[in-house]
Amino acid sequence: MTVDELKFDEKDCLIEGPVNQSNASKPFREGIPNGQGFLDENSARKVIVRHLPTGISAEENRYSLRRNKEIALSKVRKLVEDLIQQVKDKQQ
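If you're wondering where the values come from, they're calculated on a predicted model, not measured in any experiment. (Residues numbered from 1 in each chain as written. Predicted model: local features only at pLDDT ≥ 70, side-chain atom pairs only at ≥ 80, totals over all residues. Heavy atoms only, no water.)

1. Looking at the overall build of the protein
Turning to step 1, where the next piece is worked out: Scanning the protein for helices and strands turns up one helix and four strands.
Turning to step 2, where the next piece is worked out: Counting across all 92 residues of the protein, residues that qualify as buried make up 32%.
Turning to step 3, where the next piece is worked out: Across the protein, contacts joining residues at least 24 apart in sequence account for 47% of those joining residues at least 6 apart.
Turning to step 4, where the next piece is worked out: Taken as a whole, the protein presents about 6200 Å² of accessible surface, with 47% of it coming from carbon and sulfur. (Helix = DSSP H or I, 4+ residues; strand = E, 2+ residues; numbered from the N terminus. Buried < 20%, exposed > 50% of the residue type's maximum accessible area, 1.4 Å probe, protein only. Contact = heavy atoms within 4.5 Å. Areas by Shrake-Rupley, 256 points an atom, 1.4 Å probe, with all protein chains shown as cover.)

2. Observations concerning the pattern of salt bridges
Turning to step 1, where the next piece is worked out: In this structure the tally under the stated criterion is seven salt bridges.
Turning to step 2, where the next piece is worked out: With a closest N to O distance of 2.5 Å, Arg 62 and Glu 60 form a salt bridge.
Turning to step 3, where the next piece is worked out: For Arg 62, a relative accessible area of 52% corresponds to the exposed category.
Turning to step 4, where the next piece is worked out: Note that Glu 70 and Arg 67 form a salt bridge whose closest N and O atoms lie 3.2 Å from each other. Of this pair, Glu 70 and Arg 67 are both found in helix H1 (residues 65-91), three residues apart, which corresponds to roughly one turn of the helix.
Turning to step 5, where the next piece is worked out: Counted as one network, the salt bridges with shared partners bring together Glu 60, Arg 62 and Lys 75. (Salt bridge = Lys/Arg side-chain N within 4 Å of Asp/Glu carboxyl O.)

3. Examining the environment of Ile 56
Turning to step 1, where the next piece is worked out: Its place among the elements puts Ile 56 in strand E4 (residues 56-60).
Turning to step 2, where the next piece is worked out: Sequence separation of Ile 56 and Val 80 is 24 residues, and the distance between their C-alpha atoms is 7.0 Å.
Turning to step 3, where the next piece is worked out: Ignoring anything within four residues of it in the chain, the contact list for Ile 56 reads Val 49, Arg 50, His 51, Val 76, Leu 79, Val 80 and Leu 83.

4. Some points on the environment of Leu 73
Turning to step 1, where the next piece is worked out: With respect to the element layout, Leu 73 can be found in helix H1.
Turning to step 2, where the next piece is worked out: Every residue in contact with Leu 73, bar those within four places of it in the chain, is listed here: Phe 8, Glu 10, Cys 13, Ile 15 and Val 49.

5. Here we look at H1
Turning to step 1, where the next piece is worked out: The terminal C-alpha atoms of H1, which comprises 27 residues, lie 39 Å apart, in line with the 39 Å expected from a rise of 1.5 Å per residue.
Turning to step 2, where the next piece is worked out: Turning to H1, its buried residues number three or more, namely Leu 65, Asn 68, Ile 71, Ala 72, Leu 73, Val 76, Val 80 and Ile 84. (Expected span 1.5 Å × (residues − 1).)

In structure tokens, the structure reads:
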């Protein structure tokens, strides 16, 4: 994949959360607690978004699950777009 072909797409992201106390993560399912243990307040809301083509990731745990997902996706989108622009600028 070339830089010209690279773009941010939510479909290219792995979204995980919440995480149980044993730190075994599960795919994101909003509002459904992990049945493998009790969740503390922060891990019950923590969302991790990883852009698979670039490996860029971000996490958020300050708000609701839905809002944390939106914020983490936004952070990753910005980082990926910045990276693409940096590479394009170096190529010129």
